[in-house]
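What follows is the residue order along each chain.
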Amino acid sequence: MSRPASRAWFALVVLALIWSYNWIVMKQAMVHAGPFSFSALRYTLGTGVLFALLAARGESLRPPPLLQTALIGVAQTTGFQALVQWALVDGGAGKTALLAYTMPFWAVLLAWWLLADRPAGRHWAGLAVAAAGLLLVLEPWHGVGSVRSAWLAVGGGLFWAIGVVLSKRLFARGGVGALSLTAWQMAFGSAGLILIALLADERTFDWSGRFVAILTYNAVLASGLAWLLWSYIVEHLPTQVAGMTSLVIPVLGIGFAWWLLGERPDAAESAGIVLICLALLVINRRAGASRRADPAGGGDQPR
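Source: prediction; values computed, not measured.

Let us now look at the overall build of the protein. On a plain count of helices and strands, the protein comes out with 12 helices and zero strands. When the helices and strands of the protein are listed from N to C terminus, the series reads α-α-α-α-α-α-α-α-α-α-α-α. Here the protein holds 303 residues, and 54% of them are scored as buried. Residue pairs in contact within the protein that sit at least 24 positions apart in sequence constitute 90% of those at least 6 positions apart. A total accessible area of about 12900 Å² is found for the protein, and carbon and sulfur atoms account for 69% of it.

Written as structure tokens, this is what we have:
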């Protein structure tokens, strides 16, 4: 395995911990702020963190190709975050996270369409097993909460997948760094969130100590560092592997909800988690075998 790919796997572990816990944090934020205002503020601050990091590293502040970067920002930051934060108003943190993480299924299909990245047999097998697991965790026969909330979360997953595939296409052209792309796409996306927040005319912020802690976690870790890690992962891992492996995040989110909120998964949810983990094993075990067969690490290059 090449060094960039090894780092991408380590980045995925760190990312999973940050984002899985943040679904609980984002739900708690709704007590102190409107969904769009909170999203606009956290991403504006997160953008500032990334540009400060760019300056500290002495990297160029010149933007990547503007149109492509703006499209990524509108999809991955404005569309995804606005929809999932809105979904959290009525939906539970765990269910919303799982519905948003339909992203990998959309990403596989979009990569096939836009990148001519035809899924292999193992990808279809992994998707089928993961879809079955997701169905068991969601238990739609018991209802998934607010219908509006469910569709908002699924729509957020679709917008995120669009951002992933557009980022992959831009990275494949070369000359674009993960930090620069993340900072600039977030700047464009934050502008969209600010516009939505202004049009929504939401209540004012409750500037309590708890809200400041929530906002700090989101701005520095969940918005700044985590999206930088995600861009690095998308750059150095195949689209299907990056997308499918990210399913570990809502599974961990369920674990955090069980541990911190007492939301114990029932038998169907537990079986679903096992199936999702099995799907991840199928995808990544086969991917690892491909890398061992190709010592040059070709399987880890953007495609």
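Here the focus is helix 1 (residues 3-29). For helix 1, built from 27 residues, the straight-helix expectation of 39 Å at 1.5 Å per residue is met to within 8% by its first-to-last C-alpha distance of 38 Å. The sharpest bend along helix 1 measures roughly 35° and falls at tryptophan 23.

Take the packing of aromatic side chains next. Each aromatic ring pair is characterised by the separation of its centres together with the angle its planes make. Inspection of every chain in the model, using the stated rule, returns 15 aromatic pairs. The interplanar angle of 85° and the centroid separation of 5.6 Å between the aromatic rings of tryptophan 19 and tryptophan 160 together place this pair among those described as edge-to-face. With tryptophan 19 in helix 1 and tryptophan 160 in helix 7 (residues 147-173), the pair connects residues that are 141 residues apart, well separated along the chain. Judged on exposure class, the residue tryptophan 19 and its partner tryptophan 160 are both buried. Considering the side-chain rings of phenylalanine 38 and phenylalanine 211, the 6.1 Å spacing of their centres and the 55° angle between planes classify their relative orientation as tilted. Here the residue phenylalanine 38 occupies a position in helix 2 (residues 35-56), and phenylalanine 211 occupies one in helix 9 (residues 209-236), the gap between them amounting to 173 residues. Residue phenylalanine 38 is classed as buried on the basis of its relative accessible area of 0%. By relative accessible area, phenylalanine 211 is classed as buried at 0%. Put simply, the rings of Trp19, Phe80, Trp160, Trp227 and Trp230 pair up and form one aromatic cluster.

What follows deals with the confidence of the model for the protein. When pLDDT is averaged along the protein, the result is 83, and 89% of the positions lie at 70 or above. Taken together, the stretch residues 287-303 has pLDDT below 50 and engages in 23 contacts with residues farther than four places along the chain or on a different chain.

Right, let's talk about the nonpolar core for a bit. Note on soluble globular proteins: their nonpolar side chains tend to be buried together. If you look at the biggest cluster of nonpolar residues, it comprises 86 residues, and the most contacted ones within it are Leu15, Trp19, Trp23, Phe38, Trp160 and Trp230. Every residue in contact with phenylalanine 38, bar those within four places of it in the chain, is listed here: Met26, Ala29, Met30, Ala33, Gln85, Phe205, Phe211, Ile214, Leu215 and Asn218.

The next point concerns a nonpolar patch on the surface. Nonpolar side chains collect at one region of the surface, where Trp106, Leu109, Trp112, Trp124 and Leu158 lie side by side and expose about 440 Å² of accessible area between them. Looking at the nonpolar patch, the element that brings in the most residues is helix 5 (residues 103-114), giving three residues. Inspection of the secondary structure assignment puts tryptophan 112 in helix 5. Using a relative accessible area of 34% as the deciding quantity, one classes tryptophan 112 as partly exposed.

What follows is about empty space enclosed by the protein. Tallied over the entire structure, the rule returns two cavities of 30 Å³ or more. Taken as a whole, the largest cavity spans an internal volume of roughly 100 Å³. Lining of the largest cavity is provided by Trp19, Asn22, Trp23, Met26, Arg42, Tyr43, Phe80, Gln81, Tyr101, Trp160 and Trp227. Breaking the lining of the largest cavity down by element, the ones donating at least two residues are helix 1, helix 2 and helix 3 (66-90). For the lining of the largest cavity, the element with the highest residue contribution is helix 1, accounting for four residues. Of the residues contributing to the lining of the largest cavity, the split by class is eight nonpolar, two polar and one charged. The computed volume of the second largest cavity comes to approximately 40 Å³. As for the second largest cavity, its lining consists of Ser20, Trp23, Ile24, Ala93, Gly94, Ala97, Pro250, Gly253, Ile254 and Ala257.

To continue, consider the pattern of salt bridges. Taken as a whole and judged by the stated rule, the model has one salt bridge. The partner of glutamate 59 in a salt bridge is arginine 57, and the shortest N-O contact between them spans 2.6 Å. Arginine 57 sits in the exposed class, given a relative accessible area of 56%.

The phi dihedral of aspartate 201 falls on the positive side, at around 55°, and the residue is not glycine. Along the polypeptide, aspartate 201 turns up in the loop between helix 8 (178-200) and helix 9.

What counts and what doesn't
- Residues numbered from 1 in each chain as written.
- Predicted model: local features only at pLDDT ≥ 70, side-chain atom pairs only at ≥ 80, totals over all residues.
- Heavy atoms only, no water.
- Helix = DSSP H or I, 4+ residues; strand = E, 2+ residues; numbered from the N terminus.
- Buried < 20%, exposed > 50% of the residue type's maximum accessible area, 1.4 Å probe, protein only.
- Contact = heavy atoms within 4.5 Å.
- Areas by Shrake-Rupley, 256 points an atom, 1.4 Å probe, with all protein chains shown as cover.
- Expected span 1.5 Å × (residues − 1).
- Bend = angle between axes of the 7 residues up to and from the residue.
- Phe/Tyr/Trp six-rings, centres within 6.5 Å; stacked < 30°, edge-to-face > 60°.
- pLDDT = per-residue confidence, 0-100.
- Core = buried A, V, L, I, M, F, W, Y, C linked by side-chain atoms within 4.5 Å.
- Patch = residues over 30% accessible without salt bridge, like charges linked within 9 Å, V, L, I, M, F, W, Y side chains within 5 Å.
- Salt bridge = Lys/Arg side-chain N within 4 Å of Asp/Glu carboxyl O.
- 1 Å grid on protein atoms, 1.4 Å probe; cavity = no way out; pocket = protein on both sides within 12 Å on 5 of 7 lines; lining within 4 Å.
- Points joined across faces, edges and corners; volume = space filled by probe spheres on them.
- Nonpolar A, V, L, I, M, F, W, Y, C, P; charged D, E, K, R; others polar.

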